[in-house]
Amino acid sequence: MLGQNVWVLPRRKIVAVILSGNNELFQQSPALDIVRRRLKEDTALGFSRSDERALRATERDFFKCRMPVAPLKERRPFLPFLPFGERRPFDERLTPFFGTYRFPDNNQGVLPLFVRAIQNNYSGGIHAVTLRRYGNGLLMTTEEGDGTRTFRIGLYGYESQIVDFAGEKYLVRTLGGIRDEGVKRHLVICMLLPETPNTRLFDLSFTPDGNLRFTMTEIPDQKIAESYVDTLPAAMPKLALLSEIMKRRLGDNFIQKKLFDIFHPVLVGVETKRPDFQKALAKEEEKVRAERAKYALLSSLIARFTDTADAPEPPPTSGGSFFSRLPFIRQKNAQAQSAKPEIPPREKTPKG
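A word on the nonpolar core. Among the nonpolar cores identified, the biggest contains 32 residues, and Leu 131, Met 140, Phe 151, Leu 187, Phe 202, Leu 204 and Phe 214 are the most heavily contacted of them. For this core, the secondary-structure elements that each account for two or more residues are strand 4 (126–134), strand 5 (137–144), strand 6 (147–153), strand 7 (159–165), strand 8 (168–181), strand 9 (184–192), strand 10 (199–206) and strand 11 (212–219). Not counting chain neighbours up to four residues away, the residues in contact with Leu 204 comprise Phe 97, Leu 131, Arg 185, His 186, Leu 187, Leu 212, Arg 213 and Phe 214. One finds Leu 113, Ala 225, Phe 254 and Phe 263 within the second-largest nonpolar core, a separate group that totals nine residues.

It is worth spelling out the environment of Lys 184 at this point. The topology assignment puts Lys 184 in strand 9. Here Lys 184 falls in the partly exposed class, since its relative accessible area comes to 35%. Each C-alpha atom, one on Lys 184 and one on Ser 205, is 7.7 Å from the other, the two residues being 21 residues apart in sequence. The residues touching Lys 184, leaving out its near neighbours within four places in the chain, are Arg 179, Ser 205 and Phe 206.

Turning to the confidence of the model for the protein, a few remarks are in order. Of all residues in the protein, 68% have pLDDT values of 70 or greater, and the mean over the chain is 77. Of all helices and strands in the protein, the one with the weakest mean pLDDT is helix 9 (residues 327–339) (46), whereas strand 3 (residues 99–102) scores best (98). Low pLDDT (under 50) marks residues 309–322, which in the prediction has 26 contacts with non-local residues, meaning those over four places away or in another chain. Here residues 327–352 is a poorly scored stretch, pLDDT under 50, and it has 36 contacts once near neighbours within four places are set aside; other chains count.

Further remarks concern helix 1 (residues 30–39). Of all the residues in helix 1, the buried ones are Ala 31, Leu 32 and Val 35. End-on, the buried residues of helix 1 take up no more than an arc of 100 degrees, which puts them together on one face. At its buried positions, helix 1 is contacted by strand 1 (5–9) and strand 2 (14–18).

Conventions used here
Residues numbered from 1 in each chain as written. Predicted model: local features only at pLDDT ≥ 70, side-chain atom pairs only at ≥ 80, totals over all residues. Heavy atoms only, no water. Core = buried A, V, L, I, M, F, W, Y, C linked by side-chain atoms within 4.5 Å. Buried < 20%, exposed > 50% of the residue type's maximum accessible area, 1.4 Å probe, protein only. Helix = DSSP H or I, 4+ residues; strand = E, 2+ residues; numbered from the N terminus. Contact = heavy atoms within 4.5 Å. pLDDT = per-residue confidence, 0-100. Arc of directions from axis to C-beta.

Here it is in C-alpha cells:
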C-alpha cells in the first residue's frame with residue numbers, strides 16, 4: 001500500500017515513479033536509496049538557482065488557497081540603512097492568548113481525523129495547550145496522550161519543521177495570525193501537511209466566562225465522507241434499516257450533523273492559573289460527559305447492524321468511536337494492524 005512516490009531529476013530528464021514497496025509512508029525509504037544509487041544523483045539536486053526561486057514562488061502561491069489569515073507584512077523604513085525600528089515586530093494582539101489551558105478528557109488530536117483514522121495513529125487526546133512568544137513568532141506546545149510536541153508558528157510566513165507522531169514523521173508547516181470578527185478576536189493557526197492532501201486549522205477565541213474555545217477543522221472535511229456514507233444504505237441492507245430508525249428517532253439530517261461535529265470538534269480549555277481552575281474544569285468535564293452520552297445510541301446501533309459488537313473497542317470518544325466503526329475505516333485499521341512488524345523498525349533521521 002505504501003510507496004506512491006515521484007522524483008523528478010531535471011538534469012537527467014528523468015521522472016522516477018515508484019508505486020509500492022516502501023516500509024515507510026514519508027521521508028527516507030529503501031526506494032529512495034535505490035533511486036539515488038542507480039541514477040548516481042542526489043534527487044535533491046538538479047535545479048538552478050532561478051529554477052529553485054520559481055519553484056518556491058509556485059509553492060507559496062499553491063498554499064495561499066488554504067491560508068485562513070494573511071501573513072504579516074514587513075515594515076519598510078523610510079531610511080532602511082539606519083539601524084532603527086524592527087522590520088518584523090511581534091504582533092502584541094497575541095499576548096492575551098498566552099498561557100496554559102487544560103481540556104476535559106477527549107480523544108482529539110493535532111493530526112487531521114482522516115490521517116489518524118486511515119493510518120490508525122490515534123494520540124489519546126489533547127490534554128493541554130500552551131501558547132507563548134518565540135522571537136517575532138509564536139510557540140504552541142500540545143500535551144497529547146503519546147507525548148508533548150512544540151510547534152513554531154510563523155506570523156510573517158510559514159514555519160517548517162519535522163514532527164514525530166507515534167513514530168511516524170511528518171513535515172509540518174504552520175502559520176498564524178489574528179482575525180477580528182466584530183468585537184470578538186480570534187487567533188487562527190493553519191497547519192499544513194505538504195506530504196498529504198490534509199490541512200489542520202485551529203481557531204482560538206474566548207468564551208464569555210473566560211475559557212479558551214479551541215475549534216479544530218480540517219481540509220478535506222466531512223464532505224469527503226458524506227458521499228461515502230450516503231451510499232452505505234444501498235450497499236448494505238442492514239444499514240438501510242438502521243438509517244430509517246435513526247431518521248425517525250433523531251431527525252433526517254442527524255448523520256450529516258454528526259459528521260460535521262466530528263470534523264469540526266470544539267474543546268474548551270481552562271487556564272491553569274485561574275483561581276477557580278479545578279471547579280471550572282470540572283464544570284467543562286460534566287458538559288463533555290453529557291454530550292458524549294448522545295453518541296452512545298448511535299455507536300451501539302452501528303455496532304449491532306454492522307456485526308462489530310464483539311470487535312475490539314475503538315477509540316472511546318464521539319468522533320473516534322463513530323468514525324472508526326464505519327466499515328471502510330475498520331478495514332483500513334485492520335490492514336494497518338496486520339501489517340505492523342513484531343520488531344519495531346529502526347528510527348531514521350529525515351534529511352532536509
